[in-house]
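A structural walkthrough
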Amino acid sequence: MHGRGRIRESEYLFQLREKQKARRIYGLLEKQFKLIYNKANKQPGVTGENLLRLLELRIDNVVFRAGYASSRNQARQFVRHGHVSVDGERVTIPSYTLKKGQVVSLREKASKMIVVRHNVDTLDRTVPQWLEADVADLKVTVRDLPIREQIDIPVREQLIVELYSK
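First things first, this report covers the structure right here in the doc. (Residues numbered from 1 in each chain as written. Predicted model: local features only at pLDDT ≥ 70, side-chain atom pairs only at ≥ 80, totals over all residues. Heavy atoms only, no water.)

1. Side note on the pairing of strand E4 (residues 131-134)
Sheet topology note: the E4/strand E5 (residues 139-142) ladder contains four bridges and is antiparallel. Residue pairing in the sheet places aspartate 134 in a bridge with lysine 139 of E5. Here E4 folds back onto E5, and the loop between the two strands holds four residues, one of which, leucine 138, carries a positive phi near 55°. (Pairing = 2+ DSSP bridges. Helix = DSSP H or I, 4+ residues; strand = E, 2+ residues; numbered from the N terminus.)

Structure (structure tokens):
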């Protein structure tokens, strides 16, 4: 009798759901997401594309995209536990943002782990065009900065920008 009635589908609701969807896909907290949005807003160009580019260039996402981890959470854990290095330096911060030309590799101990070997052998995930993968050495190079057409996340970034620009 007093249960939830129909929900009015407002513009704000669509914007909020889109933002929450993007947050859940990348596994971020609200504060982290807001900081990335602010950074994207300050960059020249389209804010929505900048936002997705910054999200894609996080090291945990690149490890996931390379096929070393079965999920972004697992990729985040690999980074946190020190199994990943960037240009030969160990990185333990999942939010580390990569730049063009940087090389992400698994450390020697990590490349022998059963979980990583299983993921590399069984996951049938194609590496995006903006990454260049070396399967034998378990290295990935950021060839270019990703553009919107290369990001296959089903998110309407314009709604997120509209939500935050209120």
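Next comes the rest of the account.
2. Focus: the sheet that holds E5
The strand order E2-E1-E3-E5-E4 describes an open sheet built from five strands, whose pairing is antiparallel. Strand pairing shows two members of the sheet lacking a second neighbour, strand E2 (89-90) and E4, which therefore form its edges. Pairing of strand E3 (residues 103-106) with E5, which is carried by three bridges, proceeds in the antiparallel orientation. Across the sheet, valine 104 pairs through a bridge with valine 140, a residue of E5.

3. Section: the packing of helix H3 (residues 47-56) against helix H8 (residues 157-164)
Close contact between H3 and H8 brings their axes to 8 Å; oriented N to C, the two are set at 105°. Classified by the angle their axes make, H3 and H8 are roughly perpendicular. Contacts from Thr47, Gly48, Glu49, Leu51 and Leu52 of H3 reach H8 at Glu157, Ile160 and Val161. Considering only residue class, the contact of H3 with H8 consists of four nonpolar, two polar and two charged. (Axes fitted to C-alpha atoms, helices over the stretch in contact; angles between N-to-C directions. Parallel < 35°, antiparallel > 145°, perpendicular 65-115°, else oblique. Contact = heavy atoms within 4.5 Å. Nonpolar A, V, L, I, M, F, W, Y, C, P; charged D, E, K, R; others polar.)

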